[in-house]
Amino acid sequence: MIAFDGVWKVFEARSGDLTTAVADVSLEIERNQFVCLVGPSGCGKSTLLRLAAGLLLPEQGIVKISGERVREPRPDTGIVFQSPTLLPWATVIENVLFPAKMMGIATARTRERAHELLKLVGLDGFEWRYPRELSGGMQQRAGICRSLIHNPSVLLMDEPFGALDALTREELTLELLRIWSTEPKTILFVTHSIPEAVMLADRVVVMSARPGRISEVLQVDLPRPRSFDMESSDEFQRCTQRVRQLIFGDRRLQAA
């Protein structure tokens, strides 16, 4: 469904210095698979996501979705960023419908779908509220609904829960899994949280420090549906320990 084939991305600073963000990345993600990208800060996780979204183009290599080369943002792709970036002057329902209006597909059925999505994430009754009247978690739920309004086959998520408190983050982790089981999508999810990645993913892709390369792809053999009770299981511990080993190597993080 999503394919990176020998992808390189280089950024040029104002000084003219070049920084290689990702180097020779090849990865295939199957239809309706949930894949998480983890790695140290600056390793190119978000860069890969933006390449898949068509917001950036690679210097070398090819990015494809559904067998077609990605050259620009695609209508079959939804994007969720760390900040929900809701329009402050628009109501929740207007924010959710905004992409459909921009695509020229806003119909009575689209409005019906918006209400269905808001109900799915527990925001029914808040349709006519403004973003300032919502908590951070509620705003992010509205942002997820907005990304799903046009029923994309691919969902790209760039640390969508990173700015939330721990309890809200866990709540939305389970909420996302429930949405995904209800409306299957191919999801590429960037996170700094190793337990979050293992809880969500079918596969966890571990990237090296910049320039970002794929160190290893781990298969997560946890049954679905998942819950946080699984954190004590052998498989969960195996996966999280392996990811930490790949990222930190022989270093041991200890309190002074």
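Below, the structure is looked at part by part.

Rules used in this analysis
- Residues numbered from 1 in each chain as written.
- Predicted model: local features only at pLDDT ≥ 70, side-chain atom pairs only at ≥ 80, totals over all residues.
- Heavy atoms only, no water.
- Patch = residues over 30% accessible without salt bridge, like charges linked within 9 Å, V, L, I, M, F, W, Y side chains within 5 Å.
- Areas by Shrake-Rupley, 256 points an atom, 1.4 Å probe, with all protein chains shown as cover.
- Salt bridge = Lys/Arg side-chain N within 4 Å of Asp/Glu carboxyl O.
- Lys, Arg positive; Asp, Glu negative; His and termini not counted.
- Charge placed at Lys NZ, Arg CZ, Asp CG, Glu CD.
- Helix = DSSP H or I, 4+ residues; strand = E, 2+ residues; numbered from the N terminus.
- Buried < 20%, exposed > 50% of the residue type's maximum accessible area, 1.4 Å probe, protein only.
- Phe/Tyr/Trp six-rings, centres within 6.5 Å; stacked < 30°, edge-to-face > 60°.
- Lys NZ or Arg CZ within 6 Å of the ring centre and 35° of its normal.
- Pairing = 2+ DSSP bridges.
- Contact = heavy atoms within 4.5 Å.
- Axes fitted to C-alpha atoms, helices over the stretch in contact; angles between N-to-C directions.

## Regarding a negative patch on the surface
Piece 1. A cluster of like negative charges, contributed by Asp-5, Asp-24, Glu-28 and Glu-30, occupies part of the molecular surface.
Piece 2. Within the secondary structure, Asp-24 sits in strand β2 (residues 18–29).
Piece 3. Its relative accessible area of 44% is what places Asp-24 among the partly exposed residues.

## Overview of the packing of aromatic side chains
Piece 1. Under the defined criterion, the tally for this structure stands at three aromatic pairs.
Piece 2. With centroids separated by 6.0 Å and ring planes inclined at 45 degrees, the aromatic side chains of Phe-34 and Phe-189 adopt a geometry described as tilted. Here Phe-34, found in strand β3 (residues 34–38), pairs with Phe-189, found in strand β8 (residues 186–190); they are 155 residues apart in sequence, far enough to count as distant. Taken as a pair, Phe-34 and Phe-189 share a single burial class, namely buried.
Piece 3. Over the face of the ring belonging to Phe-11 we find Lys-9, whose NZ or CZ atom lies 5.4 Å from the ring centre.

## What about the pattern of salt bridges?
It is possible for side chains of opposite charge to pair when their charged atoms get near one another.
Piece 1. Summed over the entire model, instances satisfying the criterion amount to 14 salt bridges.
Piece 2. Residue Arg-141 pairs with Glu-175 through a salt bridge whose shortest N-O separation is 3.7 Å. Separated by 34 residues along the polypeptide, Arg-141 in helix α4 (residues 136–148) and Glu-175 in helix α5 (residues 166–182) bring together distant segments of the chain.
Piece 3. The salt bridge involving Arg-169 is made with Glu-196; its shortest N-O contact spans 2.9 Å.

## Observations regarding the environment of Asp-5
Piece 1. Within the secondary structure layout, Asp-5 lies in strand β1 (residues 2–12).
Piece 2. For the pair Asp-5 and Gly-61, spaced 56 residues apart in sequence, the C-alpha separation works out to 5.5 Å.

## Notes on the sheet that holds β1
Piece 1. Taken together, the four strands give an open sheet; going across it, the order is β2-β1-β4-β5, and neighbouring strands pair in antiparallel fashion. Two strands close off the open sheet at either side, each with one partner strand: β2 and β5 (68–69).
Piece 2. By the bridge criterion, eight bridges tie β1 to β2 in an arrangement that is antiparallel. Looking across to β2, one finds that Val-7 is bridged to Val-25.
Piece 3. In the packing of helix α1 (residues 45–53) onto the sheet, the strands contacted are β1, β2 and β4 (60–65), and the crossing angle to β1 comes to about 115 degrees.

## Section: the sheet that holds β3
Piece 1. Reading across the sheet, the six strands line up as β6-β7-β8-β3-β9-β10 and stay open at both edges, with mixed pairing between neighbours. In this open sheet, the two edge strands, each paired with only one partner strand, are β6 (77–80) and β10 (214–219). On average, each strand axis in the sheet is tilted by 15 degrees relative to the strand beside it, whichever way the strands run.
Piece 2. Bridge count for strand β7 (residues 154–158) against β8 is five bridges, and the pairing is parallel. The residue bridging Met-157 from the neighbouring strand is Phe-189, located in β8.

## Regarding α1
Piece 1. Burial runs high along α1: seven of the nine residues are buried.
Piece 2. All of the buried residues along α1 are Lys-45, Thr-47, Leu-48, Leu-49, Leu-51, Ala-52 and Ala-53.

## Comments concerning the pairing of β1
Piece 1. Hairpin connection between β1 and β2: a loop of five residues separates the two successive antiparallel strands, and Gly-16 in this loop has a positive phi of roughly 95 degrees.
Piece 2. When β1 meets β4, the two strands line up antiparallel, connected through five bridges. Note on β4: the bridge partner recorded for Asp-5 is Ile-62.

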